[in-house]
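This is what each chain is made of:
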Amino acid sequence: MKDILVFSYGTLRQSEVQQALFGRLLEGEPDAMAGWRSRLIEITDPDVIAKSGKRWHPMVERSDDPEDAVEGVVFRLTAEELARADDYEVDYIRHPVTLRSGWVAFVYGDPVSARG
C-alpha cells in the first residue's frame, strides 16, 4: 500500500495525539510551507481537546509575504490513518500543498485559503 504524505505544523506532531489516533509514533522529515503563515484558532470539540491537551490550535493561511513560511514535519500515513486524521481535524480542511522540498503533501488548514 502506498504511503500518503501529510504535512503537520500543529498537534499531529504531538506523541500523545499520534498514539491516540494511530496507535504508533510517526517518523517524519522536517519541511516547510513557503508563502504561508499561521494563527491560532479556538477548538471546541471536546474529543480533540482531550487528545491534544489544548484548546488553541494553529491554523495555516496563505500569506501575501513570500518570505513567510510555516515550519513542520512531513509524515507518511496509510489510507486508514489518513481517515483517522480527517476525523480528528474537525475545524480544518485537507488540501494538497507544495512544500519547500518540492514534495506535494496534504495539509490541514483554513478552508478559505485552501480554495484560493
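Definitions and limits used
- Residues numbered from 1 in each chain as written.
- Predicted model: local features only at pLDDT ≥ 70, side-chain atom pairs only at ≥ 80, totals over all residues.
- Heavy atoms only, no water.
- Core = buried A, V, L, I, M, F, W, Y, C linked by side-chain atoms within 4.5 Å.
- Buried < 20%, exposed > 50% of the residue type's maximum accessible area, 1.4 Å probe, protein only.
- Helix = DSSP H or I, 4+ residues; strand = E, 2+ residues; numbered from the N terminus.
- Axes fitted to C-alpha atoms, helices over the stretch in contact; angles between N-to-C directions.
- Left-handed = near helix turned anticlockwise from the far one by under 90°.
- Contact = heavy atoms within 4.5 Å.
- Nonpolar A, V, L, I, M, F, W, Y, C, P; charged D, E, K, R; others polar.
- pLDDT = per-residue confidence, 0-100.
- Phe/Tyr/Trp six-rings, centres within 6.5 Å; stacked < 30°, edge-to-face > 60°.
- Lys NZ or Arg CZ within 6 Å of the ring centre and 35° of its normal.
- Pairing = 2+ DSSP bridges.
- Salt bridge = Lys/Arg side-chain N within 4 Å of Asp/Glu carboxyl O.

Remarks on the nonpolar core
Reasoning step 1: Residues F7, Y9, L12 and M33 are the most contacted members of the largest nonpolar core, which totals 32 residues.
Reasoning step 2: Looking at this core, the elements with two or more residues in it are strand 1 (4-8), helix 1 (15-22), strand 3 (36-42), helix 2 (46-52), strand 4 (56-62), strand 5 (69-77), helix 3 (79-88) and strand 7 (104-109).
Reasoning step 3: Considering each element in turn, this core owes the most residues, five residues, to strand 5.

A closer look at the packing of helix 1 against helix 3
Reasoning step 1: For the pair helix 1 and helix 3, the least separation of the axes is 9 Å and the interaxial angle reads 115 degrees. Seen along the crossing, helix 1 lies across helix 3 with a hand that is right-handed. Between helix 1, through V17, L21 and F22, and helix 3, the contact on the second element is made entirely by E81, R84, A85 and Y88.
Reasoning step 2: For the contact of helix 1 with helix 3, the residue count by class is five nonpolar, no polar and two charged.

Considering the confidence of the model for the protein
Reasoning step 1: Of all residues in the protein, 94% attain a pLDDT of 70 or more, and the chain-wide mean is 92.
Reasoning step 2: Taken element by element, the protein is modelled with least confidence in helix 4 (residues 111-115), mean pLDDT 58, and with most confidence in strand 1, mean pLDDT 98.

A closer look at the packing of aromatic side chains
Reasoning step 1: A complete count under the given rule lists zero aromatic pairs for this structure.
Reasoning step 2: Taking NZ or CZ as reference, R76 lies 5.5 Å from the ring centre of W103, over its face.
Reasoning step 3: Over the aromatic face of F106 sits the side chain of R94, whose NZ or CZ is 4.6 Å from the ring centroid.

Comments concerning the sheet that holds strand 5
Reasoning step 1: Read from one edge to the other, the open sheet built from five strands follows the order 2-5-1-7-6, with strand pairing classed as mixed. Of all strands in the sheet, those with a lone pairing partner are strand 2 (28-34) and strand 6 (93-98), marking the two edges. On average, each strand axis in the sheet is tilted by 40 degrees relative to the strand beside it, whichever way the strands run.
Reasoning step 2: Pairing between strand 6 and strand 7: six bridges, direction antiparallel. From the neighbouring strand, H95 faces strand 7, where its bridge partner is V107.
Reasoning step 3: Relative to the sheet, helix 3 contacts strand 1, strand 5, strand 6 and strand 7, its axis offset from that of strand 5 by approximately 135 degrees.

Some details on the pattern of salt bridges
Where charged atoms from two side chains of opposite charge approach closely, those side chains can pair.
Reasoning step 1: Counted according to the given criterion, the structure contains eight salt bridges.
Reasoning step 2: Put simply, E80 and R84 hold a salt bridge, and the shortest N to O gap is 2.3 Å. Taken together, the residues E80 and R84, both in helix 3 and four residues apart, mark about one turn of the helix.
Reasoning step 3: Its relative accessible area of 31% is what places R84 among the partly exposed residues.
Reasoning step 4: One salt-bridge network, held together by shared partners, links R37, R39 and E61.

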